[in-house]
Amino acid sequence: QARLGPSATAMQGHLRTYMDAGAPKRFKEDEEKEQLAKELAKDWSAVFERSINTLFLTEMVRGLMLTLKYFFERKVTVKWRISHMLLVLLSCLLLLTVLLS
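Residues numbered from 1 in each chain as written. Predicted model: local features only at pLDDT ≥ 70, side-chain atom pairs only at ≥ 80, totals over all residues. Heavy atoms only, no water.

**Comments concerning the overall build of the chain**
For clarity, the threshold we go by: Secondary structure is summarised from DSSP: a helix means a run of H or I of at least four residues, a strand means a run of E of at least two, and numbering begins at the N terminus for each. Partly exposed describes any residue whose relative accessible area lies between the buried limit of under 20% and the exposed limit of over 50%, with all areas from a 1.4 Å probe on protein chains only and scaled to the type maximum. Surface exposure here means Shrake-Rupley accessible area, sampled with a 1.4 Å probe, where a residue is shielded only by the protein chains that are shown.
A tally of regular secondary structure across the chain gives three helices and zero strands. Traced from its N-terminal end to its C-terminal end, the chain shows the element sequence α-α-α. The 101 residues of the chain split such that 0% are buried. Taken as a whole, the chain presents about 10,400 Å² of accessible surface, with 68% of it coming from carbon and sulfur.

**Looking at the packing of aromatic side chains**
In plain terms, the rule: Any Phe, Tyr or Trp ring, taking Trp's six-membered ring, that has another such ring centre within 6.5 Å forms a pair; planes under 30 degrees apart are called stacked, those over 60 apart edge-to-face, and the others tilted.
This model, assessed by the stated rule, comprises one aromatic pair. Between Phe71 and Phe72, the aromatic rings sit 4.9 Å apart at their centres with planes inclined by 85°, giving edge-to-face as the arrangement. Here the two residues Phe71 and Phe72 agree in accessibility, since each one is exposed.

**Focus: the pattern of salt bridges**
For clarity, the threshold we go by: The term salt bridge refers to a pairing of a side-chain nitrogen on Lys or Arg with a carboxyl oxygen on Asp or Glu at a separation within 4 Å.
Scanning all chains against the criterion turns up one salt bridge. Close ionic contact of Glu59 with Arg62 constitutes a salt bridge, the shortest N to O distance being 3.2 Å. Here Arg62 and Glu59 lie together in helix 2 (residues 23-72), a separation of three residues that amounts to about one turn. Residue classification places Glu59 among the partly exposed residues on the basis of a relative accessible area of 47%. For Arg62, a relative accessible area of 57% puts it in the exposed group.

**Structural notes on a nonpolar patch on the surface**
How we decide: Like-charged residues within 9 Å of one another, or nonpolar side chains (Val, Leu, Ile, Met, Phe, Trp, Tyr) within 5 Å, are grouped into patches, provided each residue has over 30% relative accessible area and no salt bridge.
A cluster of nonpolar side chains, namely Ile82, Met85, Leu86, Leu89, Leu90, Leu93, Leu96 and Leu100, defines an oily patch on the protein surface of about 850 Å² accessible area. Turning to its location among the elements, Leu93 is positioned in helix 3 (residues 82-100). Residue class for Leu93 comes out partly exposed when judged on its relative accessible area of 46%.

Structural data, given as structure tokens:
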């Protein structure tokens, strides 16, 4: 390697400073900002997707729990007495005869 004098070394330093300053540095910063923005967008979309899936899963579990609650709950039925059934049947027959006449 050839040895350079102090003025040539200083010139190289100035050139290096000139090349590193200005637009190329800003361009590099812009690229880094764009890359960070893309990563954040991916992160936010992933977070959004995970939250939607989590909400869907929790809603499915809540629906299943509600179904199981009513499936195993004691059944509520009306216990008809024979006399009550006869009364309802006679009133229906009376209503039919009135409607048909």
